[in-house]
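Understanding the architecture of this molecule
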Amino acid sequence: MSRSEAASDQRSRVTIAQVASRAGVSPTTVSHVLSGKRTVAVATRGTVIEAIRELGYRPNIVARNLRTRQSHMIAVVVPDITNPFYAVLTRGLADAVDAAGHGTYVCNTDGQHDRERRFFQDAMDRGVDGIVFASGETASQVTFGEADKQTPIVCIGDQLDHPLCDAVIPDDETGSRAAASFLASRGYQRIAMIQGPPHYGAARTAGFRSAMQAAKRKVPVERMVRGDWTRKGGYEAMKTLMALEVRPDAVFCANDLMAIGALDVAHELGLSVPQDVAIVGFDDVDAATIVTPGLTTVRNPAYEAGGTAGDLLMSRMSGRYTGAGRTVVLPCPLIERGTA
């Protein structure tokens, strides 16, 4: 919108005073009808609503925010908006805060520290009421000024050095241990792992290594390869594994998108899954049920994580809770399908 258009909009914007004049009531009564915080007689309320409809009144949200010092917005910082896991998480958050009149907007960082810091500062500048960091491992790089420490934060997957920070932590390590132990129990001997990028997914790698040690399975360094959380990254990592002189007979992937990429390679090579090579993922995104065979995976409760984050934020933003940081751990169960 240009400056001239904005100025025109300001001149033409219907005011509460005009609504009050049309309805034959005071501006205060109109405000009570709009906020719903005071009781207004049914007949009077109907008259005000009719005046609002006739005049086409729209509340000035910017002015309201300045007056109440609330934006009614929550920023969600995610590393990859195209990953369906984060879409489901954001939906869970939105459903949790919608009833209280809060909206959400998403900041996509591509896993880059500088972008995360920039989005964080932008969210603070916009005066958001709360922030959800859905990539806790990179969020630890953010530093907080004194003013920043007044905004409630929930971190998915980690805890931050922030006085109003709560954490929602899916039990990645236990889930990964269960997945790797399952492969070992099925008799697979040469088990490999496609990890996430460096500095990401440490708990999933730890769970895998713990299970391999317990099962007395040696995992040479060449069977520990990295992807980038994407289907393409999983495809390239699986090609590396399948080019080894001694191929693995099972592959645990640190997320489902990489597991689907690994499955693409198996199909291209004419391998039977799980007879020639078993594949297990992590997250249980919708696509896990669509691929053939259906993907055996670990369920990462994305919707529940988002909903829990929303509940934690609302308790702080409403003043119902003012104490120290809380941590909620969510279980990550193994979901058996056809790839292992």
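With an unreviewed UniProt entry as reference, the protein is termed LacI family DNA-binding transcriptional regulator, source organism Micromonospora halotolerans.

Turning our attention to the overall build of the protein. Along the backbone of the protein there are 13 helices and 12 strands. Burial analysis of the protein (340 residues in total) assigns 47% to the buried set. Within the protein, residue pairs in contact and separated by at least 24 positions form 68% of the contacts whose partners lie at least 6 positions apart. For the protein, the accessible surface area stands at approximately 16800 Å², while carbon and sulfur atoms represent 51% of it.

Where helix 2 (residues 16–23) meets helix 4 (residues 42–55), the closest approach of the two axes is 9 Å, and the angle between their N-to-C directions is 120 degrees. Considering the angle they form, helix 2 stands oblique to helix 4. Relative to helix 4, the crossing made by helix 2 is right-handed. For the pair helix 2 and helix 4, contact is made by Q18, V19, R22 and A23 and by T47, V48, A51, I52, E54 and L55, respectively. Here the residues of the contact of helix 2 with helix 4 sort into 6 nonpolar, 2 polar and 2 charged.

Taken in spatial order, the 6 strands make up an open sheet running 2-1-3-4-5-11, and their pairing is parallel. Strands with a single pairing partner mark the edges of an open sheet, and in this sheet they are strand 2 (103–108) and strand 11 (327–330). Geometrically, the sheet is characterised by an average inter-axis angle of 15 degrees between neighbouring strands, direction not taken into account. On top of the sheet, helix 13 (residues 302–317) reaches strand 1 (73–78), strand 3 (130–133), strand 4 (153–156), strand 5 (165–170) and strand 11; it is set at about 165 degrees to strand 5, its chief contact.

With an omega dihedral of 15 degrees, the bond running from V273 to P274 counts as a cis peptide bond. Checked against the element boundaries, P274 lands in the loop between helix 12 (256–268) and strand 9 (278–283). Positive phi, normally seen in glycine, also occurs at H199, with a value near 75 degrees. Tracing the backbone shows H199 in the loop between strand 6 (191–195) and helix 10 (202–214). Residue H199 is classed as exposed on the basis of its relative accessible area of 74%. The phi dihedral of D283 is positive, around 130 degrees, even though this residue is not glycine.

We now examine the packing of aromatic side chains. Tallied over the entire structure, the rule returns 3 aromatic pairs. An angle of 85 degrees between the planes, with centres 5.1 Å apart, marks the rings of F85 and Y86 as edge-to-face. An angle of 15 degrees between the planes, with centres 6.1 Å apart, marks the rings of F208 and F252 as stacked. Residue F208 is located in helix 10, and its partner F252 is located in strand 8 (residues 250–253); the two are separated by 44 residues in the primary sequence. You can call F252 buried: its relative accessible area is 0%. Here the guanidinium or amino end of R204 rests over the ring plane of F282, the centre of that ring lying 3.8 Å away. One cation-aromatic arrangement involves R326 over Y321; the distance from NZ or CZ to the ring centre is 3.8 Å.

On to the pattern of salt bridges. Applying the stated criterion to the full structure yields 13 salt bridges. Between D283 and R204 there is a salt bridge, with its nearest N and O atoms 3.5 Å apart. With D283 in strand 9 and R204 in helix 10, the pair connects residues that are 79 residues apart, well separated along the chain. Here R204 falls in the buried class, since its relative accessible area comes to 7%. One continuous salt-bridge network, built from bridges that share partners, spans D166, R316 and R326.

This part is about the sheet that holds strand 9. Two pairing modes exist for strands in a sheet, parallel and antiparallel, and in both the strands are linked by backbone hydrogen bonds. Ordered in space as 7-6-8-9-10-12, the 6 strands form an open sheet in which the pairing is mixed. Both edges of this open sheet fall to strand 7 (224–226) and strand 12 (334–335), since each of them pairs with a single strand only. As paired elements, strand 9 and strand 10 (residues 296–299) share 4 bridges and run parallel to each other. Paired with G281 across the strands is T297, a residue of strand 10. Sitting on the sheet, helix 11 (residues 231–242) touches strand 6, strand 7, strand 8 and strand 9, and the angle it makes with strand 6 is about 150 degrees.

Turning our eyes to something else, we now look at the nonpolar core. Counting 48 residues, the largest nonpolar core has L183, I194, F208 and M238 as its most contacted members. Among the elements that line this core, the one with the most residues is helix 12, at 7 residues. Counting 22 residues, the second largest nonpolar core, distinct from the first, contains V132, A302, A305 and L330.

Attention shifts here to helix 6 (residues 84–98). The terminal C-alpha atoms of helix 6 lie 21 Å apart, and with 15 residues this matches the ideal 21 Å at 1.5 Å per residue to within 8%. Among the residues of helix 6, F85, Y86, L89, T90, G92, L93 and V97 are the ones counted as buried. The buried residues of helix 6 occupy an angular sector of 155 degrees when projected down its axis, which confines them to one face. Exposed and oriented more than 90 degrees from the buried face of helix 6 are R91 and D98. Those residues of helix 6 that are buried are in contact with strand 1, strand 2, strand 3, strand 4, strand 9 and helix 13. N-cap assignment for helix 6: the residue whose side-chain oxygen lies 2.9 Å from the backbone N of F85 is N83.

Scoring rules and cut-offs
Residues numbered from 1 in each chain as written. Predicted model: local features only at pLDDT ≥ 70, side-chain atom pairs only at ≥ 80, totals over all residues. Heavy atoms only, no water. Helix = DSSP H or I, 4+ residues; strand = E, 2+ residues; numbered from the N terminus. Buried < 20%, exposed > 50% of the residue type's maximum accessible area, 1.4 Å probe, protein only. Contact = heavy atoms within 4.5 Å. Areas by Shrake-Rupley, 256 points an atom, 1.4 Å probe, with all protein chains shown as cover. Axes fitted to C-alpha atoms, helices over the stretch in contact; angles between N-to-C directions. Parallel < 35°, antiparallel > 145°, perpendicular 65-115°, else oblique. Left-handed = near helix turned anticlockwise from the far one by under 90°. Nonpolar A, V, L, I, M, F, W, Y, C, P; charged D, E, K, R; others polar. Pairing = 2+ DSSP bridges. Phe/Tyr/Trp six-rings, centres within 6.5 Å; stacked < 30°, edge-to-face > 60°. Lys NZ or Arg CZ within 6 Å of the ring centre and 35° of its normal. Salt bridge = Lys/Arg side-chain N within 4 Å of Asp/Glu carboxyl O. Core = buried A, V, L, I, M, F, W, Y, C linked by side-chain atoms within 4.5 Å. Expected span 1.5 Å × (residues − 1). Arc of directions from axis to C-beta. Polar contact = N/O pair within 3.5 Å; in protein donor to acceptor, adjacent residues only side chain to side chain.

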